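So the chains spell out like this:
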Amino acid sequence: MFSPDNLQAIWLTLRLATTATLLLLLIGTPLAWWLSRTHSWLRGPVAAIVALPLVLPPTVLGFYLLLALAPAGPIGQLTGALGLGSLAFTFEGLVIGSILYSLPFVVQPIQNAFHAMGDGPLEVAATFGAGPWRRFFTVAIPLARPGFISGSILGFAHTVGEFGVVLMIGGNIPGETRVVSVQIYEQVEALQFGEAHWLAGAMVVFSFLVLLVVYGSIGRHAIPGMRFGS
Amino acid sequence: MFTRVLSFSILFASGFAPALADEARVAVAANFSRSAEMLVEQFELLQPHEIELVFGSSARFYAQVQNGAPFDAFLSADREKPQLLAEEGLAVAESLRAYAIGRLVLWTAEPSLAITGESLTANAGGKIALANPRLAPYGLAAREAIDNLGLGEQLADSLIMGENISQAYQFVATGNAPLGFVALSQVGRNGVIEQGSGWLVPAELHSPIRQYAVLLNEENAAAGAFLEFLRGPEARRIIYSFGYTMDDAEP
């Protein structure tokens, strides 16, 4: 079955994807709400920035992250001043990279769900005297649930599938930055095809199951933001 | 470029078979990239052939050639991989030759620092970059040096691995790792460290990094001529200028 090295990589990958997804929900929800409600001229530019990782090669993100995380870079100076040291080649550095990399996969489904809900339910809630916070937590979030589910699944799966960014800022440290995709790459290069088969096969099964959940059972309820390809 | 195009068109127009001027794709271990570029520049001045270089870790090229990658020659950073390819019938056994002996440097991007083996431990908590020992002979040499200095356990948590020696160099050059093991050819000319500061790791701390080249495609005239050129005095001068040595006793 899985060797200890492979198990370590799987565990690390799950930890990374979980951490990144939780943080993405925290950051992405207000962002998606703002994008779906605002009439500001900033909406276009912000939406474009959020979508950038969809089209940019991971090497571009990796390159700029590497420069930003270095001790002389903006993030490196900040973390240095906070006494955290440089985040390149650390788990925390990968979390930052994953948040940027998977941002559109979480924000867009939630944003679409907020948008699809329309103003009606919120206005009704307002006439019953619900304040803006109450309206958001008791009306908007429950109604946008399918968007949250598909955003979480896609953000998680996309982080699991991350490779280029990790290769550039990870440094291949076992238990810290050597995630499944990097482990497979190393095993293939070292011609350990047997080991690589286990991990690569597991990735295929995992990804299929994720998409089956998204397109299959939940898909019948037409998840916003997941209509591409159908 | 224009003259090259011109000479090609003359060749074709006059009905010469393109065997005269051939193109070769050569896989080169990352440590040798600067040297190889200069060698190709020189080679193309003297010969009608054209060489396209691809850089990476020796292990990656070994795996790729095994799976049918279209390379005509392979400049590895060790002997094992080209020899295995020859044994597997994927390379021309008689063409296997050493072309350089590399040296390892413990290096930092900061200029005028005194770097020694002790810098490895003085660097408390800081990361130390090296090429992945499973994929790159220079990484293996770095690993051996660390073990021979008796620091294997102490540094276990500080090591960060580049996919090849170029990435290890890049990690240090960008300041993301304060210290790292790189090839002398990456940071020096004529055996002298030119950028940053470094410590030439004593050769007895690791097995010699003897780098071997092998012909993969016997039909390709350009690849054969290039490997021939590598053994000539002109190429030797260029190779030496990047800090490599050669022992002539070795075939």
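Note that the structure is a prediction, hence the values are computed from the model and not measured. (Residues numbered from 1 in each chain as written. Chains lettered and ligands numbered in written order. Predicted model: local features only at pLDDT ≥ 70, side-chain atom pairs only at ≥ 80, totals over all residues. Heavy atoms only, no water.)

Caption draft 1: Looking closely at the overall build of chain A. From N to C terminus, chain A includes eleven helices and zero strands. Starting at the N terminus and walking to the C terminus, you meet the elements of chain A as α-α-α-α-α-α-α-α-α-α-α. If you line up chain A on its principal axes, its C-alpha atoms span 65 × 45 × 25 Å. Across the 230 residues of chain A, 43% fall into the buried class. A separation of at least 24 residues holds for 72% of the contacts in chain A among residues at least 6 apart in sequence. Per element, the accessible surface of chain A, about 11400 Å² overall, is 72% carbon and sulfur. (Helix = DSSP H or I, 4+ residues; strand = E, 2+ residues; numbered from the N terminus. Buried < 20%, exposed > 50% of the residue type's maximum accessible area, 1.4 Å probe, protein only. Contact = heavy atoms within 4.5 Å. Areas by Shrake-Rupley, 256 points an atom, 1.4 Å probe, with all protein chains shown as cover.)

Caption draft 2: Structural context of the interface of chain A and chain B. Residue-level contacts link 24 residues of chain A with 22 residues of chain B. Contact with chain B buries area across many residues of chain A, yet F89(A), E189(A) and L191(A) alone supply 34% of it, more than any other trio. Here chain A and chain B share two salt bridges between them. Across the pair R60(B) and E189(A) runs a salt bridge whose closest N-O atoms are separated by 3.1 Å. On inspection of chain A and its partner chain B, the count reaches eight residue pairs in polar contact (both at pLDDT 80 or more). Broken down by secondary-structure element, the contributors of at least two residues to the side of chain A that touches chain B are α3 (58-69), α9 (164-169) and α10 (180-189) of chain A. The biggest single contributor to the side of chain A that touches chain B is α10(A), with five residues. Its residues placed into classes, the side of chain A that touches chain B shows 16 nonpolar, five polar and three charged. (Buried area = accessible area lost by both parts, 1.4 Å probe. Salt bridge = Lys/Arg side-chain N within 4 Å of Asp/Glu carboxyl O. Polar contact = N/O pair within 3.5 Å; in protein donor to acceptor, adjacent residues only side chain to side chain. Nonpolar A, V, L, I, M, F, W, Y, C, P; charged D, E, K, R; others polar.)

Caption draft 3: Up close: the sheet that holds strand β2 (residues 50-56) of chain B. All names here are of chain B. With mixed pairing, five strands are arranged side by side in an open sheet as β2-β1-β3-β12-β4. Where the open sheet ends on each side, the last strands, each with one partner, are β2 and β4 (92-102). Between one strand axis and the next, the sheet turns through 20 degrees on average, direction left out of account. One ladder, built from seven bridges, connects strand β1 (residues 23-29) with β2; its direction is parallel. In the strand pairing of β2, A24 is matched with I51. (Pairing = 2+ DSSP bridges. Axes fitted to C-alpha atoms, helices over the stretch in contact; angles between N-to-C directions.)

Caption draft 4: Summary view of the confidence of the model for chain A. In this model, chain A carries a mean pLDDT of 89, and residues with pLDDT of at least 70 account for 94%. Low pLDDT (under 50) marks residues 226-230 of chain A, which in the prediction has six contacts with non-local residues, meaning those over four places away or in another chain. (pLDDT = per-residue confidence, 0-100.)

Caption draft 5: Region of the structure containing the domain arrangement of chain B. All names here are of chain B. What the domain assignment lists for chain B is domain 1 (2-102 + 209-241) and domain 2 (104-200). Here domain 1 and domain 2 have C-alpha centroids that lie 28 Å from each other. Taken together, the contacts link 17 residues of domain 1 with 18 residues of domain 2. Between domain 1 and domain 2, roughly 1300 Å² of surface is buried when both sides are summed, and carbon and sulfur atoms account for 51% of that area. Three residues, N31, R34 and S241, lead the burial of domain 1 against domain 2; their summed loss comes to 40% of the area buried on that side. Here R60 ties to E163 by a salt bridge, and the two come within 2.9 Å at their closest N and O atoms. The interface formed by domain 1 and domain 2 contains ten residue pairs in polar contact (both at pLDDT 80 or more). The set of elements that each furnish at least two residues to the side of domain 1 that touches domain 2 consists of α2 (33-46), α3 (58-66) and β12 (209-215). The class makeup of the residues in the side of domain 1 that touches domain 2 is five nonpolar, eight polar and four charged. (Domains from an automatic or database assignment.)

Caption draft 6: The arrangement of the pattern of salt bridges in detail. Residue and element names in this part refer to chain B. Counted under the stated rule, the structure contains nine salt bridges over all chains. Taking the shortest distance from any N to any O, the salt bridge between D78 and K81 comes out at 2.7 Å. With a shortest N-O distance of 3.2 Å, R231 and E228 are connected by a salt bridge. Separated by three residues within a single helix, R231 and E228 lie in helix α9 (residues 221-231), roughly one turn from each other. For R231, a relative accessible area of 35% corresponds to the partly exposed category.

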